[in-house]
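Structural description and commentary
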Amino acid sequence: HGYAAPEVSAGTLLDEKADMWSIGMVCYELLTGVSPHNLLSTGDITFPDEIWQGKDPLAADFTKSLLKVNPVDR
């Protein structure tokens, strides 16, 4: 359950988009040093300002694109 996509918990059809979510979870934690689990309840993934303003804005953008609640949007 830890890094599983929302659709895994819902028991719906799984495909590569569930894997993309898990990769996004790992990327988020690597970039911020914080587990994104507490942010997922709202469906709004945020990054500390230093990620956007520092050297990692592309990594943050990539990660945010993987952490879309709707699998079609990933």
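Higher on the page you've got the structure.
Numbering of residues begins from 1 in every chain and follows the order in which that chain's sequence is written. Under the rules for a predicted model, residues below a pLDDT of 70 receive no local features and side-chain atom pairs below 80 are neither given nor counted, while totals for whole chains, interfaces and linings still include all residues. Side-chain measures were taken over the full set of non-hydrogen atoms in the model, leaving aside hydrogen atoms and water.

**Section: the overall build of the protein**
Test applied: By the criteria applied, helices consist of DSSP H or I runs no shorter than four residues and strands consist of E runs no shorter than two, each listed in order from the N terminus. Throughout, exposure labels follow a simple rule: accessible area from a 1.4 Å probe, protein chains only, divided by the maximum for the residue type, with under 20% read as buried, over 50% as exposed, and the rest as partly exposed. Whether two residues touch is decided by their heavy atoms; if any such pair falls within 4.5 Å, the residues are in contact. Only the protein chains shown count as covering a residue, and every accessible area follows the Shrake-Rupley method with a 1.4 Å probe.
Along its length, the protein carries 5 helices and 0 strands. Its helices and strands in sequence order give the protein the pattern α-α-α-α-α, from N to C terminus. Looking at the 74 residues of the protein, the share that counts as buried comes to 24%. In the protein, once contacts between residues fewer than 6 apart in sequence are set aside, the share between residues at least 24 apart is 41%. For the protein, the exposed area adds up to about 4,700 Å²; of that, 59% sits on carbon and sulfur atoms.

**Things to note about helix α5 (residues 57–66)**
Residues separated by three or four positions in an α-helix point in the same direction, a consequence of the helix having 3.6 residues per turn. The cut-off we apply is this: Each C-beta atom gives one direction from the helix axis, and the arc is the one those directions make.
Those residues of α5 not exposed but buried are A60, T63 and L66. All buried residues of α5 lie within an arc of 120° about the axis, which places them on one face of the element.

**Comments concerning the pattern of salt bridges**
Pairs can form between side chains of opposite charge whenever their charged atoms are close. Condition: Here, a salt bridge means any side-chain nitrogen of Lys or Arg that lies within 4 Å of a carboxyl oxygen of Asp or Glu.
In total, this model carries 1 salt bridge according to the counting rule given. Notably, a salt bridge pairs R74 with E7, separated by 2.7 Å at the nearest N-O pair. Taken together, the residues R74 in the segment after α5 and E7 in helix α1 (residues 6–10) connect sequence positions 67 residues apart. The same class applies to R74 as to E7, namely buried.

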